[in-house]
Amino acid sequence: MKSQCDVVVIGAGAGGLASALRLAKNGKKVCVYEAMEGPGGKIGTSIFEGVEFDTGPSLLTMREHVEELFDYCGTTMEAELELVEHEPGFRYLWTDGAKFDVYPDVERTRQDVRESFGSKALDEFDAFLSYSKDIWEAALPNFVEGEAPSFGSILKLGVTKLKEVSRIDPFRSMLQGIERHISEPHLRDVMMRYATYNGSNALSAPATLNCIAWVELGLGGYGIRGGMSALPLALERVGKRLGVEFYYGHRVESIVVDSKRGVEGVKVRTPQGDTDVVRATKVVVNADVAHLKQSLLGEDVHHGMGEDLTPSMSGWTAILKARAREDRASHTVLFPERYRDEFEDIFERNRPPKTPTIYMCDQSKAHGREGWDDGTVPVFVMANAPCEPREERTQTDEYWSRYREVVTQRMREFQLMKEGEEIVWERTPTQLATQFPGSRGAIYGAASNTQTAAFKRPANRVKSIKGLYLASGSAHPGGGVPLCLLSGKVAAESALSDR
Ligand SMILES: Cc1cc2nc3c(=O)[nH]c(=O)nc-3n(C[C@H](O)[C@H](O)[C@H](O)COP(=O)(O)OP(=O)(O)OC[C@H]3O[C@@H](n4cnc5c(N)ncnc54)[C@H](O)[C@@H]3O)c2cc1C
């Protein structure tokens, strides 16, 4: 069977949905082909004994990009979604007994810095936040929003703008940037952890990433009522109103490319096992860029997208069926004794951390999710881990069950997992890699571990193949829900501006 669309979008993850909606809003006939049974991609869900929970993201930052997308589509975020804030948002714990709470109100957070670590630490916190804000304001227009930066585009900015760009602190590492401002060791850990918001190594990633602290602490982090999956469901709903056609359980097997004319369509495997050819002169790829290069484009197609980049870190994740507790924060983080060891283990020794940081999200608090009838609630657990090895060789179940043991042992030791509480869902980095082909289990696309990473990330328009666009965490501007929405925006704008 042959059908025809103006634009085919491969994948209904955040980037694919954002592109599809924007293109449809501009009158294009858009068909989304998604291998899974529903929208969301990594913003996924699962169910245990009738209770649904999120299996991917726990925190929404940069809400303005979600608002802007809904506004663009002729609705509002408030009409489609309810954001949730909780006090305290994050609770950081250390094995020496130290504790620090982060609140939606930065003044209240400052108070807790003073109470937990003293007034010198508060001065350091203030100085760091102002440095972080400064980086963000310089980076946002030049490296995040708009088309992918290149050395040429940065040089063309002119002297005044270049001075502004130099505020992004690109030549120090994140850790060096933190150490310059903060001497309090616990606060250093908190700031280093922001490297993991883009799956990078705080020891080598450019200090530019210190802007993430401001993005969360200053601009805010939110939950979504009913779960993070309410976001893709809302986007799908708005997309349908705009006429987007969604085909779930449809895996795209290849993109048809003519060496002169460019993209001509896609070959899709239907749930019945048939192959459909869908004609389209524009294709937006929300799948991982490595999957596009390895599988979706024929070997004879010159794509000019260069080598695969170093993936960001992965994570061992689980759902703990835990007793509801008044004193549990929305998000809890237990740091190890020496946090830098975790980055060395993952990025240098290529092994799961010996003493991992434990991250937990109580979904009943963070997202108002319902629990089970016996008074237990879903608590998401994540421990960082390396992505899968480059070769086809993947890690074994036994390898990950050893890590599961390390993580659960630590949770028990620090009373984060109590007698009778059990893990009812689990996903290893190996399983994540299988679910998202080409990703090698990376949570955030490519890591930003070098000064040149932002310049190497694939742009949203594939120059050497007419009609081919990229909208995902593995393309510009990188991973994380809001950035993927931006990726979808730039891909759609590029597709609309090309004849
Ligand atoms: C455990 C975890 C925790 C996270 N925590 C956070 C967080 O707290 N905050 C945050 O902002 N971000 C977080 N992230 C990252 C965030 O979820 C991702 O960066 C983002 O959702 C990725 O969106 P994407 O546009 O790259 O598409 P993806 O989610 O990667 O989706 C791509 C889609 O394409 C489909 N696809 C692939 N190949 C084909 C094909 N051949 N045919 C048809 N369909 C195909 C896939 O099935 C998938 O649905 C987390 C991710 C994970 C996994």
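Residues numbered from 1 in each chain as written. Predicted model: local features only at pLDDT ≥ 70, side-chain atom pairs only at ≥ 80, totals over all residues.

A.B. asks: Is there a simple way to think about unusual backbone geometry in this case?
C.D. replies: Most peptide bonds are trans, and most residues other than glycine sit at a negative phi. Following Glu87, the chain continues into Pro88 via a peptide bond in cis, with omega recorded as -10°. As for its position among the elements, Pro88 is in the loop between strand 7 (83-84) and strand 8 (90-93). For the bond running from His476 to Pro477, omega is 0°, close enough to zero to count as cis. One non-glycine residue, Met62, lies in positive phi territory at about 50°. (Helix = DSSP H or I, 4+ residues; strand = E, 2+ residues; numbered from the N terminus.)

A.B. asks: Can you walk me through the sheet that holds strand 6 (residues 60-61) in this structure?
C.D. replies: Whenever strands of a sheet pair, they do so through backbone hydrogen bonds, lying parallel or antiparallel. Taking strand neighbours across the sheet as the criterion, the 3 strands line up as 6-10-7 in an open arrangement whose pairing is antiparallel. Here the strands that pair on one side only, and so sit at the sheet edges, are strand 6 and strand 7. (Pairing = 2+ DSSP bridges.)

A.B. asks: What is the right way to look at the domain arrangement of the protein chain in this model?
C.D. replies: Reports of interface size often rely on the accessible area that becomes lost once the parts have come together. For the protein chain, the assigned domains are domain 1 (2-46 + 57-82 + 228-309 + 446-497), domain 2 (107-220) and domain 3 (311-435). If you average the C-alpha positions of domain 1 and of domain 2, the two centres end up 29 Å apart. Contact with domain 1, which involves 19 residues of that partner, is made by 24 residues of domain 2. The residue inventory of the side of domain 1 that touches domain 2, partitioned by class, reads 8 nonpolar, 9 polar and 2 charged. (Domains from an automatic or database assignment. Contact = placed C-beta atoms within 7 Å. Nonpolar A, V, L, I, M, F, W, Y, C, P; charged D, E, K, R; others polar.)

A.B. asks: Help me understand the nonpolar core in this model?
C.D. replies: The nonpolar side chains of soluble globular proteins are, as a tendency, buried together. Ranked by size, the top nonpolar core spans 75 residues in total, and within it Met174, Met191 and Val379 carry the most contacts. Here the element with the most residues in this core is helix 5 (residues 119-144); it accounts for 9 residues. Setting aside chain neighbours within four positions, we find Val379 in contact with Ile319, Leu320, Ala322, Met360, Cys361, Asp362 and Gln363. Counting 66 residues, the second largest nonpolar core, distinct from the first, contains Leu17, Val252, Val257 and Ala280. (Core = buried A, V, L, I, M, F, W, Y, C linked by C-beta atoms within 7 Å. Buried ≥ 20, exposed ≤ 12 C-beta atoms within 10 Å, placed from the backbone.)

A.B. asks: Quick question: what am I supposed to make of the site of the ligand here?
C.D. replies: Taken together, the neighbourhood of the ligand is formed by 36 residues, with Gly11, Gly13, Gly15, Gly41 and Pro57 sitting nearest. Elements with a contribution of two residues or more to the shell around the ligand: helix 1 (14-25), strand 3 (30-34), strand 12 (251-258), strand 16 (314-323) and helix 18 (481-497). Ranked by the residues each element gives to the shell around the ligand, the list is headed by helix 1, at 3 residues. A breakdown of the residues in the shell around the ligand according to their chemical character gives 18 nonpolar, 15 polar and 3 charged. Inspection of the shell around the ligand shows a minimum of three residues originating in each of domain 1 (2-46 + 57-82 + 228-309 + 446-497) and domain 3 (311-435). (Near = placed C-beta within 6 Å.)

A.B. asks: Is there a simple way to explain the packing of helix 4 (residues 106-117) against helix 5 in this structure?
C.D. replies: Geometry of a packed helix pair, given as the angle between the helix axes and the separation of the axes. Where helix 4 meets helix 5, the closest approach of the two axes is 7 Å, and the angle between their N-to-C directions is 140°. On the basis of their axis angle, the class for helix 4 and helix 5 is oblique. Seen from above, helix 4 lies across helix 5 with right-handed handedness. Touching Arg110, Val113, Arg114 and Phe117 of helix 4 are Ser119, Ala121, Leu122 and Phe125, all from helix 5. Looking at the contact of helix 4 with helix 5 residue by residue, the class counts come to 5 nonpolar, 1 polar and 2 charged. (Axes fitted to C-alpha atoms, helices over the stretch in contact; angles between N-to-C directions. Parallel < 35°, antiparallel > 145°, perpendicular 65-115°, else oblique. Left-handed = near helix turned anticlockwise from the far one by under 90°.)

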